Amino acid sequence: MIAAKMLNNKVYWLLPSKISLLSKDMSSKLTAVLSKICYNICSKIILYSPSLVSCWNLEPYCHKILIAHEHFLNFNTLILTTPFPDRHPLIGYIGRLSGEKGVQHFAQALPAILGHRQDLRALIGGDGQLKVSITSSLQRRGIADRVDIPGWISHDDLPGYLNQLRLLVLPSYTEGLPNIMLEAMACGTPVLATPVGAIPDVIIDGNTGFLMENNSPECIAENVVRALEHPDLEGIAKRARALVEREFTFEKAVERWRNVLEEVGDDGR
C-alpha cells in the first residue's frame, strides 16, 4: 500500500476484519501499527456494515468509508420446508465450537433453560476444540439425553437442521456478519444473538429477531425463555425471512458494489 501511494496511485481497502489489539506478542503489535498506517494512507475503506465503524473503532476515518457487502443467499436451497407451528420445541446452536463463539456459555445455560420447560430439547451442531468439554459438561449436569450433538453439519444438510429449530442462539463474543444467522432467517428460524459486529444491522429486537445484552449463561437463559414465550414468534420468523429475501439476494449485492465502484470511479477522475 505504501508503494502504491509513492507511485501516486489510489488505494481502496476492502476490510474483511478488525486487526486484533488484544494479543500482546510482537507480531500482533507490529500488525496493529501497520494497520493504523494503512487506515491513514488508503484512499477509501470499504466495510460490509455501517455498524463496524464503531465496533472496529474506525470513527476517525468516517470520511473515507464506503459500505458494500458481498453476502447473498441461495434461496433455491435455503427454503422454508417445515411451517413454524409444526416445529417441535427445539432450540439450538450451529457453528464452530470455539471460545469466541460463546457456545460454552450456551451449554452452561441449558440446565436452566431445559428446567423451565420439560418438553424442550436442544441441539449443538458443529465441531471444534470445545466439543469434548461441552459433551462432558452436559453429562455431568444430567441433561445429555436432552441435547443432540450431531457434530459437523454439511452445507447440504444445514437447511434441514434449521427447519427443525424454533430458535437459533448465537452467543458470540465477536462476529462480522454471520452467514448462519442469515441462513436461519431464510429458513424461517428466529435468531437470538449478542449485538456484535453487523448483527444489529439485521436483527431488531422483537421485530426481526432477538438481541441479548451479553453472553453470560444467566443472560442467555433469560433471553431464550423470553424469545420462546414471545406472543408473535411466528411473525418475527416471517419478517426475518422477508428481510433476507429483500436485502441478501445476489442482485442486491451486485447493486451495492456497482454503487461503490461508481463512487470510486468518480473519485478517480
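Summarised in this report is the structure supplied together with it. What you see is a predicted model; the values in this text were computed from it and never measured.

### A few points about the pattern of salt bridges
All told, the structure shown has 10 salt bridges when counted by the stated rule. Of the charged contacts in the structure, one is a salt bridge between E100 and R96, with a shortest N-O distance of 2.5 Å. Using a relative accessible area of 29% as the deciding quantity, one classes E100 as partly exposed. The exposure class of R96 is partly exposed, given its relative accessible area of 44%. K101 serves as the salt-bridge partner of E175, at 2.8 Å between the closest nitrogen and oxygen. On the criterion of sequence distance, the pair formed by E175 in the loop between strand 7 (167–170) and helix 7 (179–186) and K101 in the loop between strand 4 (90–94) and helix 4 (103–116) is long-range, its members being 74 residues apart. Taking the relative accessible area as the measure of exposure, E175 reaches 13% and is therefore buried. Its relative accessible area of 13% is what places K101 among the buried residues. Connected through shared salt-bridge partners, R246, E247 and R256 make up one network.

### Observations regarding the nonpolar core
Of all hydrophobic cores here, the largest spans 46 residues; its most connected members are L47, L58, I94, M181 and V191. Core analysis: the second largest hydrophobic core is formed by 33 residues, V103, L138, L192 and L233 among them.

### Focus on the pairing of strand 4
When you tally the buried positions in strand 4, you get five out of five residues, the bulk of the element. The side-chain alternation of strand 4 yields two buried faces, one formed by L90, G92 and I94 and the other by I91 and Y93. Strand direction decides the pairing type here: strand 4 and strand 5 (residues 121–125), joined by five bridges, are parallel. Looking across to strand 5, one finds that I91 is bridged to A122. Viewed along the sheet, the connection from strand 4 through helix 4 into strand 5 turns out right-handed. Pairing between strand 4 and strand 7: two bridges, direction parallel. Counted as the bridge partner of G92 is L168 from strand 7.

### Observations regarding the sheet that holds strand 8 (residues 191–193)
Taken in spatial order, the six strands of this open sheet run 6-5-4-7-8-9, and their pairing is parallel. Lying at the two open borders of the sheet, with one neighbouring strand each, are strand 6 (147–151) and strand 9 (210–211). Against the sheet, helix 5 (residues 131–140) engages strand 5 and strand 6, with an angle of about 160° to strand 6.

### Concerning the packing of helix 4 against helix 9 (residues 217–228)
Axis separation between helix 4 and helix 9 bottoms out at 8 Å; the angle between their running directions is 45°. The pairing of helix 4 with helix 9 is recorded here as oblique in orientation. Both helix 4 and helix 9 take part in a crossing whose hand is right-handed. Contacts between helix 4 and helix 9 involve H105, F106, Q108, A109, A112, I113 and H116 on the former and, on the latter, P217, I220, A221, V224 and V225. By residue class, the composition of the contact of helix 4 with helix 9 is nine nonpolar, three polar and no charged.

What counts, and where the lines are drawn
- Residues numbered from 1 in each chain as written.
- Predicted model: local features only at pLDDT ≥ 70, side-chain atom pairs only at ≥ 80, totals over all residues.
- Heavy atoms only, no water.
- Salt bridge = Lys/Arg side-chain N within 4 Å of Asp/Glu carboxyl O.
- Buried < 20%, exposed > 50% of the residue type's maximum accessible area, 1.4 Å probe, protein only.
- Helix = DSSP H or I, 4+ residues; strand = E, 2+ residues; numbered from the N terminus.
- Core = buried A, V, L, I, M, F, W, Y, C linked by side-chain atoms within 4.5 Å.
- Pairing = 2+ DSSP bridges.
- Right-handed = clockwise from strand over helix to strand, strands pointing away.
- Contact = heavy atoms within 4.5 Å.
- Axes fitted to C-alpha atoms, helices over the stretch in contact; angles between N-to-C directions.
- Parallel < 35°, antiparallel > 145°, perpendicular 65-115°, else oblique.
- Left-handed = near helix turned anticlockwise from the far one by under 90°.
- Nonpolar A, V, L, I, M, F, W, Y, C, P; charged D, E, K, R; others polar.

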